[in-house]
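# Per-entry structural report
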Amino acid sequence: MIEIPFTFPLANGLHARPASQLQEICLRFTATILLRNNRNRNRADARSILELVASNTLNNDPCLLEISGPQQDEAARALRIFLSRELPLADDDMPQPASAPAGRGADWLPPVFHDGATRIWPGLTIAPGIGRGRAVLWQKTATLPQRFAAGKNDAKRELKLFKKACLEVESDLQKNAAACRERNAVAIIKAHLAILADPGFRERINDGITGRNKSAGQAIAETTAHYTRILEKSSSIYLQERVGDLEDLAFQLVEKLYGPSPAKARPSLHAPCIVVAATLNPSELLGLERRHLRGLVLGPIGLTSHTAILARSFGIPAVSLPLAGLARIGAGSEILVDGRRGLVIQKPGPGLKRYYRLEATMLRRLARRRTVLKMRPAQTHDRLRIEIAANVDSAAELEPAWRNGADAVGLFRSETLFLERDAPPGEDEQFAAYSRAVRSAKGRTVIIRTLDIGGDKRLPYLALPPEENPYLGFRAVRCYGEHGELIRCQLRAILRAAAHGRLKVMVPMVTSLEEVRLARSLLAEAAAELRARKIPHAAKLEVGIMVETPAAALSLESLAREADFFSVGSNDLLQYFLAVDRGNPKLENLYDPLHPAFLRLLEGVGAQARGAKRWLGICGEMAGNPEFLPLLVGAGFDELSMAPQRIAAVKERMGELDSGECRALLQRSGRCTDAGEVRRLLDEFNGRAAPIIRSPGADSIGLPPEGGAAIIAAEWVSLESPIRTPGEAIKELCGLLELAGRVSDASALEEAVWKRETTFATDLGFGFALPHGKAAAVKAASIAFLRPRRPMRWGKAADSAVRAVLLIAIPDNGKEQEHLRLIAGLSRRLMNDDFREMLLTAKDRETVLAVVRAGITSG
């Protein structure tokens, strides 16, 4: 028997989707595979998705896979790869719930909400966004039929009908998966397929029909109830919410057995509408005509239910209400769903509609900004460019990587081509795979790691000797001398593909100069063989090395004699440097990339690479963690390569960093006494105010100069605004600051400003208003300016109309005196006739910027 210990890595525990992935791998082999949870002593057959989910496995649980019987070696290899590469990323694409506290709008709302709406219900935010349309009520029954589908008590006939229903549901799900282009939706459908194929689920229903003389409906209901009880006992809310998947599948089976229920008939959507339903299963949401669907109002539902995940994936605003509130929504009434505040609004008035149009515009601009940021080259605030690349296992993963904003591929794991087969891939097969990568890259760089075998990756057709410690044994480049033809074959394929694009190769597990020279000699032989066969190939290929051993990390200047570039494999380097097995759950507290000695090693690696004038990348887990980004920028990496799903967050964080400050941070971290001290230092650094972020497409608008004037930028100036009310003015200005990255949540600032405004109106007279607010959502003190097309009354008691608004946003960081001085200074300047006149007559944003800057400096 083979045992694989591991620590469960997913924050949401072992739920349906990772369980279905694990099940899919286990079903390939005849070996018996059991999952043991050593925290709760639960045990599960890894071929059963329901048993896996019911094992109540939570984040960081110590677990063990036990593999025995035929094909145990092959199964163990596949499972080790799955545990190390795929499982940790299983939730990365899952759209997260809104960051704002759900239902916050129930506590306080801007005054505009009190004008014109018939009714406002506070609820729970399920999916963000704003949607407006007519209410379509979908009322359904929640009970399953109990009668015999065969029309009489005939167990044999009933079982036959149940099996036929299973085949029909399976066919429907497979068609839906094939037609669906949304990755989360496909994963959810596959999870339902896995439940349908689950031996425990099927056998329990079969036994109910044939062994206990139950109707198919009764057997399905009892089986669903059995697993529901198990899931509901879990301490994880996420696992509890998998009950919805069981119920969904049960209804799909019942529909095939008994026909569609009139009470469950799907509504036809012909115009913009909001669907209102007490319950909505994932398959029901997938079946709705989404072209006209503007929002969802649902009964009680969990944030991590698959229906909620799908709503976020499809960008459908959704709010959950108590059933009593849901019952008061009339069919056909005009409904507005506010998925940001967690509100459902019936019959909004004209002012509220204008307010929400403004909000919808800002949300669209925010979405565009994030998309454009993802596709732009990454650079720090002080304009240091760093390439953000993707790690991939095959050419099929390249298109998703480009869509996620990858500038290049920093690690193409070529060994995937060699695993799980009886013979190595031939030259032409490899050439086809590498050529596909080149074509997909369209001029971008792809770095192929040459064959990295041994350790946890063993090939059945390659007779590698058994070793007591394979991770320190005969693996990677150490095998190249004995298996020269295998490597030359790979290099020939790479050389041929490199004639069509920018390919590089990278040699794994290097510890000495001789190993790099061996790789280069094999490359030269491969090129000579191609020349002899007169096959077109690249005349030159850059050869780099993986820096994943302490010996390599301390010898870059020497290795640079033969290596064209370096890429740090931080996972293995950390493991070897700290002498910690990263797969051993008992040692996980020691496997910490924030160990000061490891940071000093990375700092030294950066210095050596710069000294040798060699390009330096990093392609381990550390590269994709925005928390660690300041340290990596400080170390001087030219490229960070990571799982594609993590690229957007890293690029966005990059723009907030200053490379000089990052270098200083790394030096201070290296002087810390332990990882805990480094973490506190890093938390403080990451939590402080961010500098101005330039919005995409705003290149013509210069950033404010350094030296204290970075409190306002031209992008935060709105001239000739069509807004009509103070509420709309504050809304637009808060939105501009969120768009610029100065505020993490505009509605939080808006609330702070209005609470101040209701205490003391900030209409200064002379046609100016100076609203201001202090909030934790404000990253740095900022000023935004707005001049409306038409003057407006700031308050009911106001004597004069307001023609310009200066909004001051203040972070809640204890520096009140500094900010009070800013407000007082601007107030004094606004008493000056010339200052006001220049702001009221400025013809463009740059002029406003110059006037405000001058006012701040002199005030």
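Residues numbered from 1 in each chain as written. Predicted model: local features only at pLDDT ≥ 70, side-chain atom pairs only at ≥ 80, totals over all residues. Heavy atoms only, no water.

Quick look at the side chain of Gln-490 now. Looking at where Gln-490 falls in the secondary structure, it is placed in helix 16 (residues 484-498). The residues contacting Gln-490, other than those within four sequence positions of it, are Ser-414, Phe-418, Gln-430, Tyr-434, Arg-449, Thr-450 and Leu-451. (Helix = DSSP H or I, 4+ residues; strand = E, 2+ residues; numbered from the N terminus. Contact = heavy atoms within 4.5 Å.)

Looking now at a positive patch on the surface. A contiguous patch of positive charge, built from Lys-152, Lys-156, Arg-157 and Lys-160, is present on the exposed surface. Counting through the fold element by element, Arg-157 comes out in helix 4 (residues 155-179). Judged by its relative accessible area of 39%, Arg-157 is partly exposed. (Patch = residues over 30% accessible without salt bridge, like charges linked within 9 Å, V, L, I, M, F, W, Y side chains within 5 Å. Areas by Shrake-Rupley, 256 points an atom, 1.4 Å probe, with all protein chains shown as cover. Salt bridge = Lys/Arg side-chain N within 4 Å of Asp/Glu carboxyl O. Lys, Arg positive; Asp, Glu negative; His and termini not counted. Charge placed at Lys NZ, Arg CZ, Asp CG, Glu CD. Buried < 20%, exposed > 50% of the residue type's maximum accessible area, 1.4 Å probe, protein only.)

With that settled, the discussion passes to unusual backbone geometry. With a phi angle near 55°, Ala-476 is a residue other than glycine that sits in the positive phi range. Inspection of the secondary structure puts Ala-476 in the loop between strand 15 (446-449) and helix 16. Here Lys-534, not a glycine, exhibits a phi torsion of approximately 55°, which is positive. Tracing the sequence through the fold places Lys-534 in the loop between helix 17 (513-533) and strand 17 (543-547). For Lys-534, a relative accessible area of 75% gives the class exposed.

This paragraph deals with the packing of aromatic side chains. Scanning the entire structure with this criterion turns up six aromatic pairs. For the pair Phe-113 and Tyr-355, a centre-to-centre distance of 5.5 Å together with 75° between the ring planes defines the contact as edge-to-face. Linking Phe-113 in the loop between helix 3 (72-86) and strand 5 (119-122) with Tyr-355 in helix 13 (residues 350-375), this pair joins segments that are 242 residues apart in sequence. Pairing Phe-565 with Trp-615 gives two aromatic rings, centres 5.7 Å apart and planes at 80°, and the pair type is edge-to-face. Residue Phe-565 is located in strand 18 (residues 565-568), and its partner Trp-615 is located in strand 19 (residues 615-618); the two are separated by 50 residues in the primary sequence. For Phe-565, a relative accessible area of 1% corresponds to the buried category. Taking the relative accessible area as the measure of exposure, Trp-615 reaches 24% and is therefore partly exposed. Aromatic ring contacts, followed pair by pair, group Phe-113, Tyr-355 and Tyr-356 into a single cluster. (Phe/Tyr/Trp six-rings, centres within 6.5 Å; stacked < 30°, edge-to-face > 60°.)

The next subject is the nonpolar core. Core analysis: the biggest nonpolar cluster contains 105 residues, and Tyr-434, Leu-503, Phe-566 and Leu-640 have the highest contact counts within it. Excluding its chain neighbours within four sequence positions, the residues that come into contact with Phe-566 are Ile-545, Val-547, Leu-556, Leu-559, Ala-560, Ala-609, Arg-614, Trp-615, Leu-616 and Gly-617. Membership of the second largest hydrophobic core comes to 64 residues, among which are Cys-26, Ile-189, Ile-205 and Leu-246. (Core = buried A, V, L, I, M, F, W, Y, C linked by side-chain atoms within 4.5 Å.)

Glancing now at the pattern of salt bridges. Inspection of the entire model under this criterion finds 45 salt bridges. Among the ionic pairs, Asp-207 bridges to Arg-212, the shortest N-O distance being 3.7 Å. With a relative accessible area of 40%, Asp-207 lands in the partly exposed category. On the basis of relative accessible area, Arg-212 is assigned to the partly exposed category, the value being 39%.

In this section: helix 1 (residues 16-26). Burial of helix 1 is extensive: nine of the eleven residues sit out of reach of the surface. Listing the buried residues of helix 1 in full gives Ala-16, Arg-17, Pro-18, Ala-19, Ser-20, Leu-22, Gln-23, Ile-25 and Cys-26.

Across the eight residues that make up strand 28 (residues 804-811), a large majority, eight, are buried. Burial of strand 28 is two-sided: the residues Ala-804, Leu-806, Ile-808 and Ile-810 facing one way and the residues Val-805, Leu-807, Ala-809 and Pro-811 facing the other way are all buried. In this structure, strand 23 (residues 768-769) lies alongside strand 28, joined through two bridges in parallel fashion. Bridge pairing links Ala-769 to Val-805 in strand 28. Where strand 24 (residues 772-775) and strand 28 come together, four bridges link them in parallel fashion. Along strand 28, the bridge assignment pairs Gly-773 with Ala-809. Pairing of strand 25 (residues 782-788) with strand 28, which is carried by five bridges, proceeds in the antiparallel orientation. In the strand pairing of strand 28, Leu-786 is matched with Val-805. (Pairing = 2+ DSSP bridges.)

Position of Glu-548 relative to the elements: it lies in the loop between strand 17 and helix 18 (550-553). Within the buried set, Glu-548 has no salt-bridge partner at all; the shortest N-O distance to an opposite charge, 5.1 Å, is to Arg-475. Separated by 2.6 Å, the side chain of Glu-548 and the backbone nitrogen of Met-509 make a polar contact. Those residues in contact with Glu-548, other than ones at most four positions away along the chain, are Pro-508, Met-509, Gly-569, Asp-572, Leu-573 and Tyr-576. (Polar contact = N/O pair within 3.5 Å; in protein donor to acceptor, adjacent residues only side chain to side chain.)

Here Asp-844 is to be found in the loop between helix 29 (833-841) and helix 30 (845-858). Here Asp-844 falls in the partly exposed class, since its relative accessible area comes to 32%. In this structure the side chain of Asp-844 is engaged in a polar contact, spanning 3.4 Å, whose partner is the backbone nitrogen of Glu-846.

Now for the sheet that holds strand 16 (residues 503-507). The strand order around the closed barrel formed by eight strands is 13-14-15-16-17-18-19-20, and the pairing between neighbours is parallel. Adjacent strand axes in the sheet meet at a mean angle of 25° when their direction is disregarded. Strand contacts of helix 15 (residues 427-441): strand 14 (408-413), strand 15 and strand 16, with the helix running at about 160° to strand 15, the strand carrying the most contacts. Contacts from helix 23 (residues 647-654) reach strand 13 (387-392) and strand 20 (639-642) within the one sheet, and its direction differs from that of strand 13 by about 165°. (Axes fitted to C-alpha atoms, helices over the stretch in contact; angles between N-to-C directions.)

Let us look at the packing of helix 5 (residues 183-197) against helix 9 (residues 243-258). For the pair helix 5 and helix 9, the least separation of the axes is 10 Å and the interaxial angle reads 70°. Relative to helix 9, the element helix 5 lies roughly perpendicular. Touching His-192, Ile-195 and Leu-196 of helix 5 are Asp-245, Leu-246, Asp-248, Leu-249, Gln-252 and Leu-253, all from helix 9. The residue makeup of the contact of helix 5 with helix 9, split by class, is five nonpolar, two polar and two charged. (Parallel < 35°, antiparallel > 145°, perpendicular 65-115°, else oblique. Nonpolar A, V, L, I, M, F, W, Y, C, P; charged D, E, K, R; others polar.)

Note on placement: Leu-173 falls in helix 4. The sequence separation of Leu-173 and Ile-189 amounts to 16 residues, and the corresponding C-alpha distance is 6.3 Å. Ignoring any residue separated from it by four or fewer positions in sequence, one finds Leu-173 in contact with Ile-189, His-192, Leu-193, Leu-249 and Gln-252.

Taken in spatial order, the eight strands line up as 5-12-11-7-8-9-10-6 in an open sheet, and their pairing is mixed. In the strand order of this sheet, the two ends are held by strand 5 and strand 6 (124-127), each with one partner. This sheet shows a mean twist of 30° between the axes of neighbouring strands, independent of strand direction. Across the sheet, helix 11 (residues 306-314) is in contact with strand 6, strand 9 (293-298) and strand 10 (318-320); its angle to strand 6 comes to roughly 65°. Here helix 13 sits on the sheet in contact with strand 7 (130-138), strand 11 (334-338) and strand 12 (343-346), set at roughly 110° to strand 7.

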